[in-house]
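Single-letter residue listing:
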Amino acid sequence: SQQGEEDPQALSIQEGENATMNCSYKTSINNLQWYRQNSGRGLVHLILIRSNEREKHSGRLRVTLDTSKKSSSLLITASRAADTASYFCATLGNTGGFKTIFGAGTRLFVKA
Amino acid sequence: KAGVTQTPRYLIKTRGQQVTLSCSPISGHRSVSWYQQTPGQGLQFLFEYFSETQRNKGNFPGRFSGRQFSNSRSEMNVSTLELGDSALYLCASSLRLAGGPNTGELFFGEGSRLTVL
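Summary of the structure given here. Quick caveat, the model's predicted, so the values are computed rather than measured.

## Describing the overall build of chain A
Item 1. What chain A contains, in helices and strands, is zero helices and 11 strands.
Item 2. What you see in chain A, going N to C, is helices and strands ordered as β-β-β-β-β-β-β-β-β-β-β.
Item 3. Relative to the 2.2 N^0.38 estimate, which gives 13 Å for 112 residues, the radius of gyration of chain A is 13 Å and therefore close to what a compact globule would have.
Item 4. Overall, chain A is about 45 × 30 × 20 Å in size when its C-alpha atoms are taken along their principal axes.
Item 5. For chain A, the proportion of its 112 residues judged to be buried stands at 46%.
Item 6. Taking the contacts inside chain A whose residues are at least 6 apart along the sequence as the reference set, 55% of them involve residues at least 24 apart.

## Let's talk about the interface of chain A and chain B
Item 1. Counting residues at the interface gives 23 residues for chain A, matched by 25 residues for chain B.
Item 2. Summed over both partners, the interface of chain A with chain B comes to about 1,800 Å²; 52% of that surface belongs to carbon and sulfur atoms.
Item 3. Of all residues in chain A, Leu-43, Phe-98 and Phe-102 of chain A give up the largest surface area on contact with chain B, accounting jointly for 33% of the area buried on that side.
Item 4. Our enumeration of links across chain A and chain B arrives at one salt bridge.

## Examining the state of the cysteines
Item 1. Inspection of the entire model under this criterion finds two disulfides over all chains.
Item 2. Bridging Cys-23 of chain A to Cys-89 of chain A, the disulfide has an S-S length of 2.0 Å. Handedness of the Cys-23 of chain A-Cys-89 of chain A disulfide follows from its S-S torsion of about 65°: it is right-handed. Placement of the pair is Cys-23 of chain A in strand β3 (residues 19-24) and Cys-89 of chain A in strand β9 (residues 85-93), with a sequence separation of 66 residues. Cys-89 of chain A shares its class with Cys-23 of chain A; the two are buried.
Item 3. Bridging Cys-23 of chain B to Cys-91 of chain B, the disulfide has an S-S length of 1.7 Å. The S-S bond linking Cys-23 of chain B to Cys-91 of chain B shows a torsion near -55°; that makes this disulfide left-handed. You can see Cys-23 of chain B sitting in strand β3 (residues 19-24) and its partner Cys-91 of chain B sitting in strand β9 (residues 87-94), a full 68 residues away along the chain.

## Thoughts on the environment of Thr-91 of chain A
Item 1. Mapped onto the elements of the fold, Thr-91 of chain A is located in strand β9.
Item 2. Spatially, the C-alpha atom of Thr-91 of chain A lies 9.2 Å from that of Ser-28 of chain A, the residues being 63 residues apart in sequence.

## Focus on the nonpolar core
Item 1. Grouped together as the largest cluster of nonpolar side chains are 21 residues, with contacts concentrated most on Trp-34, Leu-46, Phe-64, Met-76 and Tyr-89 of chain B.
Item 2. Each residue touching Tyr-89 of chain B, except ones within four places of it in the same chain, is listed here: Gln-6, Leu-21, Tyr-35, Gln-36, Leu-46, Phe-64, Met-76, Gly-111, Ser-112 and Leu-114 of chain B.
Item 3. Listed in part, the 20 residues of the second largest apolar core include Ile-13, Leu-61, Ile-76 and Tyr-87 of chain A.

## With respect to the sheet that holds strand β1 (residues 5-7) of chain B
All names here are of chain B.
Item 1. The strand order across the open sheet formed by four strands is β1-β3-β8-β7, and the pairing between neighbours is antiparallel. With one partner strand each, in any of the chains shown, β1 and β7 (64-68) form the two edges of the open sheet. Adjacent strand axes in the sheet meet at a mean angle of 15° when their direction is disregarded.
Item 2. When β1 meets β3, the two strands line up antiparallel, connected through three bridges.

So, how was this worked out
Residues numbered from 1 in each chain as written. Chains lettered and ligands numbered in written order. Predicted model: local features only at pLDDT ≥ 70, side-chain atom pairs only at ≥ 80, totals over all residues. Heavy atoms only, no water. Helix = DSSP H or I, 4+ residues; strand = E, 2+ residues; numbered from the N terminus. Rg over C-alpha atoms; globule rule 2.2 N^0.38 Å. Buried < 20%, exposed > 50% of the residue type's maximum accessible area, 1.4 Å probe, protein only. Contact = heavy atoms within 4.5 Å. Buried area = accessible area lost by both parts, 1.4 Å probe. Salt bridge = Lys/Arg side-chain N within 4 Å of Asp/Glu carboxyl O. Disulfide = S-S within 2.5 Å. Core = buried A, V, L, I, M, F, W, Y, C linked by side-chain atoms within 4.5 Å. Pairing = 2+ DSSP bridges. Axes fitted to C-alpha atoms, helices over the stretch in contact; angles between N-to-C directions.

As structure tokens, then:
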């Protein structure tokens, strides 16, 4: 079974608006990562947050992590049409071996 | 630095056949992971190879197998194909250090899209 679950499953916004995606996971983690996938392509790593970090920024991306609630959020500010893609959270666990497990993803559509 | 290369990009097979997919990782990366992506199940972890040994395995039947060569290139094989094996198969390499620490950050190829008729 998948480790993470994203919410919402799909999100449609206007260009310039902010997009927020949430992720919940089940077990203890080493870190949590966010990836982006354009339709039918490979995934691209966006940002990583370690279990002892609470917030991280990278350009227009802001990630938060709440290990007590086993949840994370990805905020994309000032969205652009080029941000249209699927976004996945992924976790590297503390146990169970070196494997990164992905959630179901959020499909983001940014209208120009 | 060249990225992760997967071949073939597209292929069509019929039920009962077998297929082999290839993945060349980023130079210096010794860990290769394989994922199956379908609309219904999302991204499912198949297995991970490190230093020519399968180190981690997902919940897939024995029809799914893989191997890694001394140059870190990896292949995965699916035997006795079923319609449900139609999917995008993604390979990802990682700079895994034997002694750690490791972030698990993955670098993906473009995938091999398999259609089973």
